Amino acid sequence: MKVRLLVAVGALILGAVPGAAVAAADPVSADAAAGDPMAAQPVLLNQSGFGLGESKRFTAPRAEDGARFTVTDASGAVRHRGKIKDGTGDFTAFDPGDTGDFVVTVTGKAGVGTSVPFGIGAYWTDRVSYRRAIKFMSGSRCYFGDYTRKTTDPVSDEYGPRECMKEVA
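Residues numbered from 1 in each chain as written. Predicted model: local features only at pLDDT ≥ 70, side-chain atom pairs only at ≥ 80, totals over all residues. Heavy atoms only, no water.

A.B. asks: How should the packing of aromatic side chains be read in this particular structure?
C.D. replies: Aromatic rings considered in pairs are described by the distance between their centres and by the relative angle of their planes. Across all of its chains, the model carries seven aromatic pairs by this definition. When the ring of phenylalanine 58 is compared with that of phenylalanine 69, the centres are 4.9 Å apart and the planes differ by 85°; the resulting orientation is edge-to-face. You can see phenylalanine 58 sitting in strand 2 (residues 57-59) and its partner phenylalanine 69 sitting in strand 3 (residues 68-73), a full 11 residues away along the chain. As far as the burial class goes, phenylalanine 58 and phenylalanine 69 line up, both buried. Here phenylalanine 94 and phenylalanine 102 contribute two aromatic rings whose centre-to-centre distance is 5.4 Å and whose plane-to-plane angle is 85°, an arrangement assigned as edge-to-face. (Phe/Tyr/Trp six-rings, centres within 6.5 Å; stacked < 30°, edge-to-face > 60°. Helix = DSSP H or I, 4+ residues; strand = E, 2+ residues; numbered from the N terminus. Buried < 20%, exposed > 50% of the residue type's maximum accessible area, 1.4 Å probe, protein only.)

In structure tokens:
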């Protein structure tokens, strides 16, 4: 009797509802945001974008072979159609003349999933990532001088302030 009372009080205090623990433990969500890997139909791709003439692929791990996908532009117009094979969609043949935002939508047995917006353009990956990557590498690898005399100050060494670290620090 005391055990039942304690369980009931605990359930009221914690707000537990029978079956809620099962629902909370289920990692798949039907109403997840675009690009969420926990979505019922996740669509995962390079969020930076893709270059013209380069491979353009995404994964849809819960989509069955033959599930259909579309690539749409910002206005909602379908610009490319394809089918999933082995959990992957390939839209390499799609090389648009404009660089606006695009979205991949997959429709399959697991439901409908949408990717995050991405761009496609000439040297797209180079333009959106190289500058940041080089700045990071320069900032984290630009120590010059005698390493045995290194100070604890992250933007200076025995020769004075390191110019390359000022943007990073």
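On we go from here.
A.B. asks: What's the story with the pattern of salt bridges in this structure? I'm lost.
C.D. replies: Side-chain pairs of opposite charge can arise whenever the charged atoms involved come near each other. Applying the stated rule across the entire model yields four salt bridges. A salt bridge links arginine 79 to aspartate 98; the shortest N-O distance between them is 3.0 Å. Taken as a pair, arginine 79 in strand 4 (residues 78-83) and aspartate 98 in the loop between strand 5 (88-90) and strand 6 (102-108) lie far apart in primary sequence, 19 residues in all. Linked by salt bridges that have partners in common, Asp73, Arg79 and Asp98 make up one network. (Salt bridge = Lys/Arg side-chain N within 4 Å of Asp/Glu carboxyl O.)

A.B. asks: Explanation requested: a nonpolar patch on the surface in the structure shown.
C.D. replies: There is a patch of nonpolar side chains on the surface, built from Tyr130, Ile134, Phe136 and Met137 and spanning about 430 Å² of accessible area. Relative to the helices and strands, isoleucine 134 is located in helix 3 (residues 124-140). (Patch = residues over 30% accessible without salt bridge, like charges linked within 9 Å, V, L, I, M, F, W, Y side chains within 5 Å. Areas by Shrake-Rupley, 256 points an atom, 1.4 Å probe, with all protein chains shown as cover.)

A.B. asks: Looking at this model, I keep getting lost on the sheet that holds strand 7 (residues 111-114). Mind explaining?
C.D. replies: Strand pairing within a sheet occurs via backbone hydrogen bonds; the two strands may be parallel or antiparallel. Ordered by their spatial adjacency, four strands build an open sheet running 4-3-6-7, and the pairing between neighbours is antiparallel. The sheet terminates laterally at strand 4 and strand 7, the two strands that pair on one side only. On average, adjacent strands in this sheet sit at an angle of 20° to one another, irrespective of strand direction. In the sheet, strand 3 pairs with strand 6 via six bridges, with the strands oriented antiparallel. From the neighbouring strand, threonine 72 faces strand 6, where its bridge partner is valine 103. (Pairing = 2+ DSSP bridges. Axes fitted to C-alpha atoms, helices over the stretch in contact; angles between N-to-C directions.)

A.B. asks: In this structure, what is going on with the environment of phenylalanine 94? I would like to understand it.
C.D. replies: Looking at the element boundaries, phenylalanine 94 is found in the loop between strand 5 and strand 6. For phenylalanine 94, a relative accessible area of 7% translates into the label buried. In sequence terms phenylalanine 94 and lysine 56 are 38 residues apart; their C-alpha atoms lie 8.1 Å from each other. The residues touching phenylalanine 94, leaving out its near neighbours within four places in the chain, are Lys56, Val71, Arg79, His80, Phe102 and Ile120. (Contact = heavy atoms within 4.5 Å.)

A.B. asks: Hey, could you run me through the pairing of strand 3 in this one?
C.D. replies: Remark: a regular strand shows side chains that alternate across the two faces of the sheet. Buried residues dominate strand 3, accounting for five of its six residues. The sheet contact formed by strand 3 and strand 4 spans five bridges and is antiparallel. Considered in strand 4, the bridge of valine 71 is made with histidine 80. With antiparallel pairing between neighbouring strands as the criterion, strand 3 and strand 4 make up a hairpin whose turn holds four residues, including glycine 76 at a positive phi of roughly 95°.

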